[in-house]
Amino acid sequence: MPRPIWQGSINFGLVNIPVQLQSAVREKTVSFHLLSKDGSCRLRRKLYCPETGEEFDFNDTVRGIEVGKNEYAIMDDKELASLKPEKGRSIAIEQFVKLQEIDPIYLDRPYFVLPADGSEKPFKLLFEAIKESKQVGLARFVMRGRQYLAVLRPMAGGLVLHTMHFADEVLSLDDVLPHSLARVKTSSRELQVATQLIDAMTDPLDLAKFKDEYREQVEHLIEQKKRGKKTVATADDHDDDPIPATINLMDALRRSLSANKSGRTNGRHPQRKSA
C-alpha cells in the first residue's frame, strides 16, 4: 500500500475517527528534460540578475511581491510562518449538505479516506450514516501548511475527500458571458431537434473508453526509441485550422441527428464533424 500523504482524524461531533488520506488519482503525463541539441548534456536553469548578469544561489534569495513598477515589498519567512495555519491533525466536519448543492466547479483534488488501525468500526459507522443521509460533509483541515475546505462523500464501500476552491477563488460566469447572449432567441423547433440529438447521443457511461491518445502515442514512440528505432512522428494537429461557423442551425442539427442514427444502425458511433 502506498504511503499515506496525510494522517489525522475526522471530527464528527465529539467523535474522533483516526484516518489517513491516499491519493485517488495518478495523473499520467509524459515529462521531458531539456537537453543540448546533441543530447549529451542535461541543461539547468540558473538564478541571475538580468541587469548585472550576477548569479545567485537559492539561499541568497528572499520572497517579495510587486507593489508598484519596479517596487517590491520583501516578505520575511518568519512573518509568513507566523501567518500559516496551525498544523492540525483533524478533518473537522462543520455541516452536512446535499451534494447537488455543490457545483462541480468548486471541486479540486480527490483523496481516498482510509481508516487507521483500530478505527474500522467508527469509520464504517460514519460511512453508513453519511450514505443513509444522502448528504455529504463540509469540512476544514490543514495539509502541508495550507488550510483546505473539503467535501466528504461516500463512494462504493468507503469515503472520498475532495479538496475545494474557496468561494472567492471561483469566477462568476456572468462576468464573462457576452451581453448579447441574453438577446438571442431560439425556436421551439430548433430546441426540439437539439433535444432529440442529445437523446440519440446518450449512452451508458463508460469512462474507460476515453483515452489520452496523444500520451499513448508519445509513450509508444518512447518505447521505440528505447529499442533503438529511429522513428519520426507525423503530426496530425489541426488546432490552427479555422473553426467553421454553423450557417444554418436547423439544417446542421438535422444532419447531425441523421448521421448519429445512421451510425448506430450500422453498429458504430458516427465520426462527429463540425457542422
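Residues numbered from 1 in each chain as written. Predicted model: local features only at pLDDT ≥ 70, side-chain atom pairs only at ≥ 80, totals over all residues. Heavy atoms only, no water.

Draft legend 1. Just the overall build of the chain, in detail. For the chain, the helix and strand inventory stands at 5 helices and 11 strands. Residues counted as buried form 20% of the 275 residues belonging to the chain. Considering only residue pairs separated by 6 or more positions, the chain has 62% of its internal contacts joining residues 24 or more positions apart. (Helix = DSSP H or I, 4+ residues; strand = E, 2+ residues; numbered from the N terminus. Buried < 20%, exposed > 50% of the residue type's maximum accessible area, 1.4 Å probe, protein only. Contact = heavy atoms within 4.5 Å.)

Draft legend 2. Molecular detail of the environment of S23. Along the chain, S23 falls in strand β2 (residues 15-23). Linking S23 and R109, residues 86 residues apart in sequence, is a C-alpha distance of 8.6 Å. In contact with S23, not counting residues within four places along its chain, are I5, P110, Y111 and F112.

Draft legend 3. Just helix α2 (residues 120-133), in detail. Over its 14 residues, α2 extends 20 Å from the first C-alpha to the last, a length consistent with the 20 Å expected when each residue adds 1.5 Å. By the burial criterion, the buried members of α2 are F123, L126, F127 and I130. Seen end-on, α2 carries its buried residues on one side only, within an arc spanning 100°. Relative to its buried face, α2 has exposed residues pointing more than 90 degrees away, namely K121, L125 and E132. Following α2 by one or two positions, K134 adopts a phi angle in the positive range, close to 60°. (Expected span 1.5 Å × (residues − 1). Arc of directions from axis to C-beta.)

Draft legend 4. Spatial organisation of a nonpolar patch on the surface. A cluster of nonpolar side chains, namely L173, V176, L177, L181 and V184, defines an oily patch on the protein surface of about 470 Å² accessible area. Positionally, L181 belongs in the loop between β11 (158-164) and α3 (188-200). A relative accessible area of 48% means that L181 is categorised as partly exposed. (Patch = residues over 30% accessible without salt bridge, like charges linked within 9 Å, V, L, I, M, F, W, Y side chains within 5 Å. Areas by Shrake-Rupley, 256 points an atom, 1.4 Å probe, with all protein chains shown as cover. Salt bridge = Lys/Arg side-chain N within 4 Å of Asp/Glu carboxyl O.)

Draft legend 5. View of α3. Along its 13 residues, α3 runs 18 Å from first to last C-alpha, staying within 8% of the 18 Å computed at 1.5 Å per residue. Within the sequence span of α3, burial applies to V193, L197 and A200. Along α3, the residues classed as buried sweep out an arc of 65° about the axis, all on the same side. Summarising the geometry of α3, the exposed residues directed more than 90 degrees from the buried face are S188, L191, I198 and D199.

Draft legend 6. Representation of the pattern of salt bridges in the model. Throughout the structure, instances matching the rule amount to 8 salt bridges. K124 is paired through a salt bridge with E128; the nearest N and O atoms lie 4.0 Å apart. Residue K124 and its partner E128 are both found in helix α2; the two are separated by 4 residues, about one turn of the helix. With a closest N to O distance of 3.5 Å, E223 and K226 form a salt bridge. Of the two residues, E223 and K226 are both situated in helix α4 (residues 213-226); the distance of 3 residues between them amounts to about one turn of the helix. With relative accessibility at 34%, the residue E223 sits in the partly exposed group. A single network of salt bridges, built from pairs that share partners, joins D212, R215 and E219.

Draft legend 7. Broad picture of unusual backbone geometry. Of note in the backbone geometry, K134 takes a positive phi value of approximately 60° without being a glycine. Along the chain, the position of K134 falls in the loop between α2 and β9 (136-143). Phi angles above zero are rare outside glycine, and A156 is one such case at about 50°. By secondary structure assignment, the location of A156 is in the loop between β10 (146-155) and β11.

Draft legend 8. Seen up close, the nonpolar core. With 21 residues, the main nonpolar core has I10, I91, V113 and F141 as its most contacted residues. The greatest single-element share of this core, amounting to 4 residues, is contributed by α2. Excluding its chain neighbours within four sequence positions, the residues that come into contact with V113 are I10, V19, Q20, L21, F123, L152, L159, V160 and L161. Formed by 7 residues, the second largest nonpolar core is a distinct cluster that contains I102, V136, L138 and L149. (Core = buried A, V, L, I, M, F, W, Y, C linked by side-chain atoms within 4.5 Å.)

Draft legend 9. The confidence of the model for the chain, seen in detail. With 87% of its residues at a pLDDT of 70 or more, the chain shows a mean pLDDT of 86. The least confident element of the chain is helix α5 (residues 249-265), whose mean pLDDT is 74; the most confident is β11, at 97. Predicted confidence is poor over residues 270-275, with pLDDT under 50, and the contacts of this stretch with residues over four places away or in other chains come to 10 contacts. (pLDDT = per-residue confidence, 0-100.)

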